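If you want the building blocks of each chain, they are given just below.
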Amino acid sequence: MPGPTICFGVETSCDETAAAVVALDGGRPRILASVVASQAGRHAAYGGVVPELATREHLRALDWVTDEAMRSGGVAWRDITVVTATRGPGLASALMTGHSFARAVAIAAGKPFLGSNHLEGHLVSAFLDPGAPPMPDVGEWLALVVSGGHTLLAIGRSDGTHEVIGSTLDDAAGEAFDKGAKMLGLGYPGGSALEAAARHGDPSAYDFPRGMLRSGDLSFSFSGLKTALRILLGKRFGGTAPAGKALADLCASYQRAIVDVLAAKATMALRQTGLRTLVLAGGVACNAALRAALAEACGRDGIRLLAARPEHCTDNAAMIALAAAWRHAASGAVSPWDEDVDPNLGLAPAGQKV
Ligand code: KG4
Ligand code: ZN
């Protein structure tokens with residue numbers, strides 16, 4: 001019986017510098033340590049992530065997040081089976097910092113290195129919850145990955161393969177939240193601010209478009225939604241964001257439009273594939289209205305919902321370490337030492353397993 005696969009992982013694809021140690025034993029992950037240094041506050045003033053600033057901050061934080069993860073995990077380098085870092089998708093210069101750092105660490109420790117796909121991290125992130133069943137017991141699952149950069153429906157499998165069956169044609173769901181929040185004067189990143197502002201609003205007060213709801217396929221489109229908000233703000237509020245009840249109603253209605261489409265497409269994908277487990281992951285999966293809508297839809301159809309814990313929805317290294325441990329344990333995969341980062345790395349398209 002082989003022992004656990006213990007993975008040290010680093011994540012620097014955007015504006016979080018993270019390091020983690022995860023043990024995978026019989027398909028059951030255990031987080032030994034997970035450290036996240038968020039730079040969100042550094043970028044807020046610019047209304048978005050500034051790549052140069054992110055890169056400099058990663059270089060500053062990588063050493064200490066690594067030391068902290070190894071110390072709090074109570075592990076020595078000799079205990080580590082494989083080292084990983086996100087190789088894509090993400091900001092090129094930000095990816096390079098963590099990827100180069102982790103390869104150097106692996107060489108110094110005499111350990112193999114395996115680059116991780118950030119999206120695969122989100123795909124497996126719900127299994128980090130100690131209450132989740134082990135991956136082999138689930139076998140195959142549908143994942144709805146909703147983040148600032150991606151909106152995907154993908155099939156994940158416990159043998160380490162995956163397949164995308166639906167994605168956005170334009171903006172990601174998180175982008176729709178962020179752009180809406182910016183127009184409504186709620187700052188950046190705005191997803192959680194918009195959710196908070198929506199709390200006492202009426203979701204049926206304004207009728208926002210549900211992009212591609214009746215397209216019959218699993219594609220998403222959110223760009224029309226922000227245009228509709230801009231037009232509505234111009235017509236009804238003189239181009240500026242209102243306050244009080246009107247703001248709450250706008251936020252609640254805007255949020256409802258995004259949630260309705262995500263829930264409808266996930267339900268359609270479950271029916272089409274016949275899968276019985278839905279994994280909900282990515283930063284937008286923190287949203288309580290989305291979690292509630294999917295819990296209701298899954299409950300109605302007898303589907304098991306595995307929603308990633310909020311701390312594993314936003315970017316973290318535990319999911320990256322699990323993705324690598326999962327793949328390494330399944331197939332012994334390692335990366336060549338001259339592996340490069342890939343800012344546009346995707347998941348495998350339908351019909352092509354990776
Ligand atoms: O997964 P993530 O941390 O980074 C990417 O890989 O993109 O996702 C960040 C995104 C941002 O767009 C942020 O506004 C959104 O997740 N987000 C939320 C909430 N919390 C974070 N969107 C809606 N409601 C939330 N509570
Ligand atoms: Zn992410």
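Since we're looking at a predicted model, the values are computed, not measured.

J.: Help me understand the nonpolar core, please; the structure alone is not making it clear to me.
T.: Soluble globular proteins: nonpolar side chains tend toward being buried together. Counting residues in hydrophobic clusters, the biggest one holds 83 residues, and the most contacted among them are Trp-141 and Leu-144. With 14 residues, helix α9 (residues 244–273) is the single largest residue contributor to this core. Sequence-distant contacts of Leu-144, defined by excluding residues within four places in its chain, comprise Leu-152, Leu-153, Phe-220, Leu-262, Ala-266, Leu-278, Val-279, Leu-280, Ala-281 and Leu-294. Core analysis: the next-biggest nonpolar cluster, separate from the first, contains 23 residues, Ala-23, Ala-61, Val-65 and Val-105 among them.

J.: Looking at this structure, how should I read the pairing of strand β8 (residues 162–167)?
T.: Where a strand is regular, its side chains alternate between the two sheet faces. Both strand β7 (residues 151–157) and β8 contribute to a ladder of five bridges, which runs antiparallel. Bridge assignment links Gly-156 to a residue of β8, and that residue is His-162. Linking two consecutive strands that pair antiparallel, namely β7 and β8, is a turn of four residues; a positive phi of about 95° is found at Gly-160 within it.

J.: It is not clear to me how the site of ligand 1 should be interpreted in this structure. Could you clarify?
T.: In the region of ligand 1, 19 residues are neighbours, and Gly-148, Asp-178, Glu-195, Gly-283 and Asn-287 sit closest. Within the contact set of ligand 1, an oxygen atom lies 3.5 Å away from a side-chain nitrogen or oxygen of His-122. In this structure, an oxygen atom belonging to ligand 1 sits 3.0 Å away from a main-chain N or O atom of Gly-283. Elements with a contribution of two residues or more to the shell around ligand 1: α4 (118–124), α6 (173–183) and α7 (191–198). In terms of residue class, the shell around ligand 1 is built from four nonpolar, twelve polar and three charged.

The rules we used
- Residues numbered from 1 in each chain as written.
- Chains lettered and ligands numbered in written order.
- Predicted model: local features only at pLDDT ≥ 70, side-chain atom pairs only at ≥ 80, totals over all residues.
- Heavy atoms only, no water.
- Core = buried A, V, L, I, M, F, W, Y, C linked by side-chain atoms within 4.5 Å.
- Buried < 20%, exposed > 50% of the residue type's maximum accessible area, 1.4 Å probe, protein only.
- Helix = DSSP H or I, 4+ residues; strand = E, 2+ residues; numbered from the N terminus.
- Contact = heavy atoms within 4.5 Å.
- Pairing = 2+ DSSP bridges.
- Near = heavy atom within 4 Å.
- Polar contact = N/O pair within 3.5 Å; in protein donor to acceptor, adjacent residues only side chain to side chain.
- Nonpolar A, V, L, I, M, F, W, Y, C, P; charged D, E, K, R; others polar.

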